[in-house]
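Next come the chains, spelled out residue by residue.
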Amino acid sequence: MLDVHRLRIFRSVVASGSVQAAAVNLGYTPSAVSQHLTALQRETGLALFARAGRGMRPTAAGHALAAEADRLLARVGEAESLIADLRAGRTGVLTIAYFASVGAAWMPYVVRRISAELPGVRLKLELREEIPNTREERADLQLVVAPRSFDPGSGFTAHHLVDDPYVAVLPAGHRFADQQEVELAALAEERWVDNDFARGWCRANLIEACTAAGFTPTFGVEAHDYPTALAFVEAGIGPTVLPALGAVRLPDGVTRVGLLRPTPVRSIHLVIHDAVEHTPAVRIAIAALRQVATGPVQ
């Protein structure tokens, strides 16, 4: 049976680079740290360190154990947090995964609503663009962008929240800046600012709409996220086309214009773990997300 305390000391030595540095970081004596390492090597039957000049370095076995220890200690940390919650009278943890453009637009209201109505629930928020492959990695609730007919997987249920239309964001002085709407094909000759380096579903949806309008957009510069793309637009580099939620907060001097013929749209869904669907925290989260998805909230 491995001693978790010794594993923590072992990881400190690997991370710190020496017994002496780990002892300083942990507030132990070097002798105490060395004794724990000796005991851990005896328990595992492995040589975890090898001499390197006047110091030592992890062996291949040491590196392998360090990687596994990280995963084990993370789970131990989660268990310790649960115990602390129970001792303090908190009623559990709710994990919510969300993608970037709903983070600023929706999540502050959702978190405030849950915290106000159920102050004993600890929220664990995760920025995540894709649905994990394994059930163990998945959150209780996850906001995703996907086709309306997508399958969330066994044990999970998807609820459609809203369709988010794309808009064009134009620099100051652009020829279409004073219009409310513009045909997508009217932007065909522009050099666009790309805003989705991951080449995900949102970008594929946009390219499909452009194809339907009879052209393929030319991207003059690539940004890795919406705020950077908007900054490029503000600098006059070119227009960008993105979902309306990504254009909620615009820099000064840029203009948001609706798109027609066609209007690209992405569907936003809430994926719920069936095991927690009827808990109070999830019911409040669902209500808050439905409210914030349908319009401004106070």
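Residues numbered from 1 in each chain as written. Predicted model: local features only at pLDDT ≥ 70, side-chain atom pairs only at ≥ 80, totals over all residues. Heavy atoms only, no water.

### Some words on the overall build of the protein
As a reminder, the rule being used: Counting from the N terminus, the helices are the DSSP runs of H or I reaching at least four residues and the strands are the DSSP runs of E reaching at least two. The size measure is the radius of gyration over C-alpha atoms, and the globule rule it meets is 2.2 Å times the number of residues to the 0.38 power. Throughout, exposure labels follow a simple rule: accessible area from a 1.4 Å probe, protein chains only, divided by the maximum for the residue type, with under 20% read as buried, over 50% as exposed, and the rest as partly exposed. Here a residue-residue contact requires only that any non-hydrogen atoms of the pair lie within 4.5 Å. Shrake-Rupley sampling with a 1.4 Å probe provides the accessible areas, and residues are treated as covered by the protein chains on show and by no other component.
Helices and strands together make up the secondary structure of the protein, namely 9 helices and 12 strands. Taking 298 residues into account, the globule formula puts the C-alpha radius of gyration at 19 Å, and the protein, at 26 Å, lies well above it. Considering the protein as a whole, with its 298 residues, one finds that 42% of them fall into the buried category. Of the contacts formed within the protein by residues at least 6 apart in sequence, a portion of 72% connects residues at least 24 apart. For the protein, the exposed surface amounts to about 15700 Å²; the carbon and sulfur share of it is 53%.

### As for empty space enclosed by the protein
Put simply, the rule reads: Using a 1 Å grid laid over the protein atoms alone, points where a 1.4 Å probe fits but cannot get out form a cavity; open sets with protein on both sides within 12 Å along at least 5 of 7 lines form a pocket; any residue with an atom within 4 Å of a point counts as lining. Grid points are joined across faces, edges and corners, and a volume is the space filled by probe spheres set on the points.
Summed over all chains, the structure comprises 1 cavity of 30 Å³ or more. Its volume calculated, the largest cavity comes out at about 70 Å³. Along its surface, the largest cavity is lined by 15 residues, and Asn 195, Asp 196, Arg 203, Leu 206 and Val 241 are the ones closest to its centre. Looking at the lining of the largest cavity, the elements that each hand over two or more residues are strand 8 (191-194), helix 7 (201-212) and strand 10 (240-243). In terms of residues, the lining of the largest cavity owes the most to one element, strand 10, which gives 4 residues.

### Details of unusual backbone geometry
Of the consecutive residues Arg 261 and Pro 262, the connecting peptide bond is found in the cis state with omega at -10 degrees. Inspection of the secondary structure assignment puts Pro 262 in the loop between strand 11 (255-260) and strand 12 (265-273). If you check the backbone angles, Arg 261 has positive phi at about 45 degrees while not being a glycine. Within the secondary structure layout, Arg 261 lies in the loop between strand 11 and strand 12.

### Some thoughts on the packing of aromatic side chains
For the record, the criterion: Pairing of aromatic side chains here covers Phe, Tyr and the six-membered ring of Trp, requires ring centres within 6.5 Å, and sorts the geometry by plane angle: under 30 degrees stacked, over 60 edge-to-face, intermediate tilted.
Counted by the stated rule, this structure contains 3 aromatic pairs. Ring geometry for Trp 192 and Phe 215: centres 6.1 Å apart, planes at 70 degrees, overall edge-to-face. Of this pair, Trp 192 sits in strand 8 while Phe 215 sits in the loop between helix 7 and strand 9 (218-222), and the two are 23 residues apart along the sequence. Comparing Trp 192 with Phe 215 shows no difference in burial state: the two are buried. Between Trp 192 and Phe 219, the ring centres sit 6.0 Å apart and the planes meet at 85 degrees, which makes this aromatic pair edge-to-face.

### Looking at the packing of helix 2 (residues 19-26) against helix 3 (residues 30-44)
For clarity, the cut-off: Between N-to-C directions, angles cover 0 to 180 degrees, with each direction set by a line fitted to C-alpha atoms, over the stretch in contact for helices. Roughly parallel covers angles under 35 degrees, roughly antiparallel covers those over 145, roughly perpendicular covers 65 to 115, and oblique covers all other angles. By definition, any crossing whose near helix is turned counterclockwise from its far helix by less than a right angle is left-handed, and any crossing with a clockwise turn is right-handed. In this count, Pro and Cys sit with the nonpolar residues alongside Ala, Val, Leu, Ile, Met, Phe, Trp and Tyr, while Asp, Glu, Lys and Arg are called charged and the others, Gly among them, polar.
At a minimum axis separation of 8 Å, helix 2 and helix 3 run at an interaxial angle of 110 degrees. In terms of axis orientation, helix 2 runs roughly perpendicular to helix 3. Classified by chirality, the crossing of helix 3 by helix 2 is right-handed. Where helix 2 approaches helix 3, its residues Val 19, Gln 20 and Ala 23 are matched on the opposing element by Pro 30, Val 33, Ser 34 and Leu 37. By residue class, the composition of the contact of helix 2 with helix 3 is 5 nonpolar, 2 polar and no charged.

### Some words on helix 8 (residues 226-234)
Let me state the cut-off plainly: Directions drawn from the helix axis to the C-beta atoms are what define this arc.
Within helix 8 the residues assigned to the buried category are Tyr 226, Ala 229, Leu 230 and Val 233. Within helix 8, the buried residues cover an arc of 100 degrees as seen down the axis, which keeps them to one side. Contact partners of the buried residues in helix 8: helix 5 (100-105), strand 6 (156-170), strand 8, helix 7, strand 10 and strand 12.

### Here we look at the layout of surface pockets
Within this model, the largest pocket holds a volume of roughly 760 Å³. In terms of lining residues, the largest pocket is bounded by 31 residues, among which Phe 99, Ala 100, Ser 101, Glu 129 and Tyr 226 are the most central. Listed by contribution, the elements that provide at least two residues to the lining of the largest pocket are helix 5, strand 5 (141-145), helix 7 and helix 8. Reported here for the second largest pocket is a volume of approximately 640 Å³. Glu 78, Thr 95, Lys 124, Glu 136 and Arg 138 are, among the 17 residues lining the second largest pocket, the residues nearest its centre.

### A word on the pattern of salt bridges
Where we set the bar: For this analysis, a salt bridge means a side-chain nitrogen from Lys or Arg found within 4 Å of a carboxyl oxygen belonging to Asp or Glu.
Counted under the stated rule, the structure contains 11 salt bridges. The partner of Glu 68 in a salt bridge is Arg 71, and the shortest N-O contact between them spans 2.8 Å. Of this pair, Glu 68 and Arg 71 both sit in helix 4 (residues 60-87), separated by 3 residues, roughly a single helical turn. Taking the relative accessible area as the measure of exposure, Glu 68 reaches 43% and is therefore partly exposed. Across the pair Arg 266 and Asp 164 runs a salt bridge, and its minimum N-O distance is 3.0 Å. Taken together, the residues Arg 266 in strand 12 and Asp 164 in strand 6 connect sequence positions 102 residues apart. Judged by its relative accessible area of 5%, Asp 164 is buried.

Any functional reading would require information beyond the geometric quantities listed.
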